[in-house]
Amino acid sequence: MEYRAPRGTRDILPPESEGWEIILSKLRVRAEEYGYKKVIFPTFEHTELFKRGIGEDTDIVQKEMYTFQDRKGRWLTLRPEGTASLARLFVEKGIDNFNGVSKFYYFGSMFRYERPQAGRFREFYQFGVEALGSDSPYLDVELISLSKDTVDSFNIKDYLIYINSIGCSECRTRYIFKLRDLLKQEITSYCEDCQRRSITNTLRVLDCKVDKHRTNKLPVLTDNLCHSCSQHYNEVKKGLQTLKINWQENHNLVRGFDYYNRTVFELVTPHLGENTSILGGGRYDLLISCLGGKETPGVGFALGFDRLYQVVYSNNPEFLNIPRKGVYISSPETNLWEKVFKMTFDLRSRGLKAECNYQNRSLKSQVKTADKEHFEYFLTIFEKDIVLKNLTTGEEKVYENEEEEKVLALLSSKGAKS
Ligand SMILES: [Zn+2]
Ligand SMILES: [Zn+2]
């Protein structure tokens, strides 16, 4: 039998995995600058959590979840997104009893049974950020600003930030009834998905790509907001202006989850074909209470890590050029191999990246390997002397055997610097 990774999954190898680490560390630094702290939660949860949190009628819950029964017959689901889990841990740990604003970030794989296509996987990775405990519009602005700063730190240009307000349960419900009434006459001319959604998840009709020319003529939600939702939305826009953040209003932006209310936003780039979303989020003021916690407003976003990687890479492939570091040690003389081996471990214990040869190979092929593996130096030990080659410049320097400690000290001082 030939073993392959299951459809929609993949292995991440160097140098891509190294690129991932570079990107991830920037994301962490940004989030921490804004005061967010890391949380780790389980890869699977009780199925009920996602049904209740994301919504029974959403595409995710209806047809995209990896759900299974364990040996005791409990229904479990591989997490399709992070916010529901985060809300669950928030309630379970009693953080809803704390009066301040709690800020968390997470990173990990999510699972959705979707048709795999370019840049879309069944196991995919998300970096998510959530702030709970305040309904201030400034917090919405903070999240949008953080998403902008995040993308800016990778020098990505031409992106757009879409914002919209989907109101509260009152003004949205009123709007949905109005929309259903209007759709009733013409729904048969819409696509099949829309015909189903017009009943189960009416707002989603607005983000249908097939029927865009029709939905553009429908009344927009932001003209139908109640007073306090409208005020909140205006404050968000004012805050964005204060921070000089450019945005575009997108009336068709509704986001697919039940837990969102008021502000929703998305960051799209043209780098992966026509305006692909790499980040999306919004406010969810009722999620915590819906999961049994004390009413706690929240706002957050999730960034599609796989897509961000593709955008960063297509924009600037050089970011994968990992700087040269460390030393590769070798000797053509078998009786010196033990010395080489000992030197390697000695340098490692001094904090330098060091490697030696574990196969019987020619010096030439070892230099090649060292070069490919981004070592900065190649050190050759001979009976009579030691040759240190700088792999960046090609420059070689010969040392006496007695100078060995000097060479090691020189190399390890480089290690300390890098
Ligand atoms: Zn409202
Ligand atoms: Zn449609």
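Residues numbered from 1 in each chain as written. Chains lettered and ligands numbered in written order. Predicted model: local features only at pLDDT ≥ 70, side-chain atom pairs only at ≥ 80, totals over all residues. Heavy atoms only, no water.

### Some thoughts on the coordination of the zinc ion (ligand 1)
Only Cys168 (SG), Cys171 (SG), Cys226 (SG) and Cys229 (SG) from the protein coordinate the zinc ion (ligand 1), and they sit 2.3 Å from it. Around the zinc ion (ligand 1), the 4 donor atoms are arranged such that angles at the metal cover 103 to 116°; this shape is classified as tetrahedral. Mapped onto the sequence, the residues coordinating the zinc ion (ligand 1) show the spacing C-x2-C-x54-C-x2-C. One end of the pair, cysteine 171, is in helix α6 (residues 169-186); the other, cysteine 229, is in helix α9 (residues 227-242), with 58 residues separating them in the sequence. Note on cysteine 171: relative accessible area 0%, which makes it buried. (Donors = N, O, S within 2.8 Å, 3.2 Å for Na, K, Ca; no water. Tetrahedral: all angles 85-135°; square planar, octahedral: opposite > 155°, others 65-115°. Helix = DSSP H or I, 4+ residues; strand = E, 2+ residues; numbered from the N terminus. Buried < 20%, exposed > 50% of the residue type's maximum accessible area, 1.4 Å probe, protein only.)

### Observations regarding the coordination of the zinc ion (ligand 2)
Only Cys191 (SG), Cys194 (SG), Cys208 (SG) and Asp211 (OD) from the protein coordinate the zinc ion (ligand 2), and they sit 2.0 to 2.3 Å from it. For the zinc ion (ligand 2), the 4 donor atoms in the first shell make angles of 101 to 114° at the metal, so the coordination geometry reads as tetrahedral. In primary sequence terms, the donor set of the zinc ion (ligand 2) follows C-x2-C-x13-C-x2-D. Taken together, the residues span a long stretch of sequence, with cysteine 191 in the loop between α6 and α7 (192-200) and aspartate 211 in the loop between α7 and α8 (212-215) at a distance of 20 residues. Aspartate 211 shares its class with cysteine 191; the two are buried.

### What to know about a nonpolar patch on the surface
A grouping of Phe341, Phe345 and Tyr358 is seen on the molecular surface, where their side chains present a nonpolar patch of about 340 Å² in accessible area. As for its placement among the helices and strands, phenylalanine 345 is situated in helix α12 (residues 337-349). (Patch = residues over 30% accessible without salt bridge, like charges linked within 9 Å, V, L, I, M, F, W, Y side chains within 5 Å. Areas by Shrake-Rupley, 256 points an atom, 1.4 Å probe, with all protein chains shown as cover. Salt bridge = Lys/Arg side-chain N within 4 Å of Asp/Glu carboxyl O.)

### Focus: the pairing of strand β14 (residues 377-381)
Among the 5 residues in β14, 5 count as buried, and that is most of the element. Here β14 shows no split at all, with Tyr377, Leu379 and Ile381 on one side and Phe378 and Thr380 on the other all buried. As judged from the 4 bridges shared by strand β12 (residues 327-330) and β14, these two strands associate in the parallel manner. In the strand pairing of β14, serine 330 is matched with threonine 380. Pairing of β14 with strand β15 (residues 385-390), which is carried by 5 bridges, proceeds in the antiparallel orientation. Across the sheet, the residue bridging to leucine 379 is leucine 388, located in β15. Here β14 folds back onto β15, and the loop between the two strands holds 3 residues. (Pairing = 2+ DSSP bridges.)

### Observations regarding the side chain of aspartate 59
With respect to the secondary-structure elements, aspartate 59 resides in helix α3 (residues 59-64). Judged by relative accessible area, aspartate 59 falls into the buried class, the value being 12%. Reaching out from aspartate 59, the side chain makes a polar contact with the side chain of arginine 197 at a distance of 2.9 Å. In contact with aspartate 59, other than residues within four places in its own chain, are Glu64, Arg196, Arg197 and Arg204. (Polar contact = N/O pair within 3.5 Å; in protein donor to acceptor, adjacent residues only side chain to side chain. Contact = heavy atoms within 4.5 Å.)

### Here's the deal with the domain arrangement of the chain
Frequently, the measure chosen for interface size is the accessible area that the parts lose on association. As assigned here, the chain comprises domain 1 (16-168 + 226-318) and domain 2 (327-417). For domain 1 versus domain 2, the distance between C-alpha centres works out to 47 Å. (Domains from an automatic or database assignment.)

### What to know about the packing of helix α5 (residues 137-152) against α9
Axis separation between α5 and α9 bottoms out at 8 Å; the angle between their running directions is 45°. In this view, α5 runs oblique relative to α9, as classed from their interaxial angle. The way α5 lies across α9 gives a crossing that is right-handed. Between α5 and α9, the contacting residues are Pro137, Asp140, Val141 and Ile144 on the first element and His232, Glu235, Val236, Gly239 and Leu240 on the second. Among the residues forming the contact of α5 with α9, the class breakdown is 5 nonpolar, 2 polar and 2 charged. (Axes fitted to C-alpha atoms, helices over the stretch in contact; angles between N-to-C directions. Parallel < 35°, antiparallel > 145°, perpendicular 65-115°, else oblique. Left-handed = near helix turned anticlockwise from the far one by under 90°. Nonpolar A, V, L, I, M, F, W, Y, C, P; charged D, E, K, R; others polar.)

### As for the packing of aromatic side chains
Throughout the structure, instances matching the rule amount to 18 aromatic pairs. Put simply, the rings of Trp20, Phe107, Tyr125 and Phe305 pair up and form one aromatic cluster. The side chain of arginine 10 reaches across the aromatic face of phenylalanine 121, ending 3.7 Å from its centre. When the ring centre of phenylalanine 345 is taken as origin, the NZ or CZ atom of arginine 348, which lies over that ring, is 4.8 Å away. (Phe/Tyr/Trp six-rings, centres within 6.5 Å; stacked < 30°, edge-to-face > 60°. Lys NZ or Arg CZ within 6 Å of the ring centre and 35° of its normal.)

### Looking at the pairing of β15
The pairing of β15 with strand β16 (residues 396-400) spans 5 bridges and is classified as antiparallel. The partner of valine 387 across the bridge, within β16, is valine 398.

### Focus: the pattern of salt bridges
Tallied over the full model, the rule gives 26 salt bridges. With a closest N to O distance of 2.8 Å, arginine 74 and aspartate 70 form a salt bridge. The exposure class of arginine 74 is partly exposed, given its relative accessible area of 43%. According to the relative accessible area criterion, aspartate 70 is partly exposed, its value standing at 23%. The partner of arginine 283 in a salt bridge is aspartate 285, with the nearest N and O atoms 2.7 Å apart.

### Examining the packing of helix α1 (residues 16-33) against α5
Running from amino to carboxyl end, α1 crosses α5 at an angle of 145°, the nearest separation of the two axes being 10 Å. Crossing angle aside, the handedness with which α1 passes α5 is right-handed. Within the contact between the two elements, α1 uses Leu27, Arg30 and Ala31 and α5 uses Leu146, Asp149 and Thr150.

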